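# Inside the fold
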Amino acid sequence: MKSYRKELWFETTQRRQFVNITSHVEACLRESGISEGLILVNAMHITASVFINDDEGGLHHDMEVWLEKLAPEKPYSQYQHNGYEDNADAHLKRQVMGREVVVAVTKGKLDFGPWEQIFYGEFDGKRKKRVLVKIIGE
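Residues numbered from 1 in each chain as written. Predicted model: local features only at pLDDT ≥ 70, side-chain atom pairs only at ≥ 80, totals over all residues. Heavy atoms only, no water.

### Description of the overall build of the protein
Our working definition: Put simply, DSSP marks the helices as runs of H or I at least four residues long and the strands as runs of E at least two long, and each gets a number from the N terminus on. For the charge count, each Lys or Arg is scored as positive and each Asp or Glu as negative, with His and the chain ends excluded. For the purpose of locating charges, the reference atoms are NZ of Lys, CZ of Arg, CG of Asp and CD of Glu.
Counting secondary structure elements, the protein contains 3 helices and 8 strands. Overall, the C-alpha framework of the protein stretches about 50 × 30 × 20 Å when taken along its three principal axes. Each charge sign in the protein was given a centre, from 19 positive and 21 negative side chains, and these centres are 5 Å apart.

Structural data, given as structure tokens:
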């Protein structure tokens, strides 16, 4: 069995943003030479997420609105965590959206269902953060 590891770095232009990283993950898979196995993609920061969904602007807007209702950014004073920082909402949004995804690799391709894409979800952005790609298989 072979193993591959790479860190991808992203810096968003907004505090909250969804970035389609599927092509970056596919490039890692090609680079790994692994054709059958599993790929793990996870956010290495506690205010960011990796998730799978459709790449459709209306859906992303709906997710943003829904997450903001669940954990509104402001007022900052509503969160005890916000004594030093102002990102308590980002921690909560990450908890809902998840830390990582695992995708099967079959015949050298990500074994997706229709419309599935991998996204990096940033909830406290405007600075560099990393995503780990780990692939195991043959």
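We are not done yet, so read on.
### A look at the sheet that holds strand 8 (residues 128-137)
Whether parallel or antiparallel, the strands of a sheet pair through hydrogen bonds between backbone atoms. Cut-off, in case you're wondering: Two strands are counted as paired when DSSP detects at least two bridges linking them. The criterion used for residue contact is that any of the two residues' heavy atoms lie within 4.5 Å. The angle between two axes is taken between their N-to-C directions and runs from 0 to 180 degrees, where each axis is a line fitted to C-alpha atoms and a helix contributes only its stretch in contact.
Strand order in the open sheet formed by 5 strands is 1-8-3-5-6, with antiparallel pairing between adjacent strands. Looking at strand neighbours, the two that pair on one side only are strand 1 (2-11) and strand 6 (109-110), the edges of this open sheet. Bridging between strand 3 (residues 37-43) and strand 8 involves 7 bridges; their strand directions are antiparallel. Directly across from Leu38, in strand 8, lies its bridge partner Ile136. The sheet strands contacting helix 1 (residues 22-32) are strand 1, strand 3, strand 5 (100-106), strand 6 and strand 8, and the helix crosses strand 1 at an angle near 150°.

### Quick notes on helix 3 (residues 88-97)
Here is the rule: The buried label goes to any residue with under 20% of its type's maximum accessible area, the exposed label to any with over 50%, and the partly exposed label to all in between, with areas taken from a 1.4 Å probe on protein chains only.
Of the residues making up helix 3, those classed as buried are Ala88, Asp89, Ala90, Lys93, Arg94 and Met97. Contact partners of the buried residues in helix 3: strand 3, strand 4 (48-53) and helix 2 (57-70). With its phi angle positive at about 95°, Gly98 sits one or two positions after the end of helix 3.

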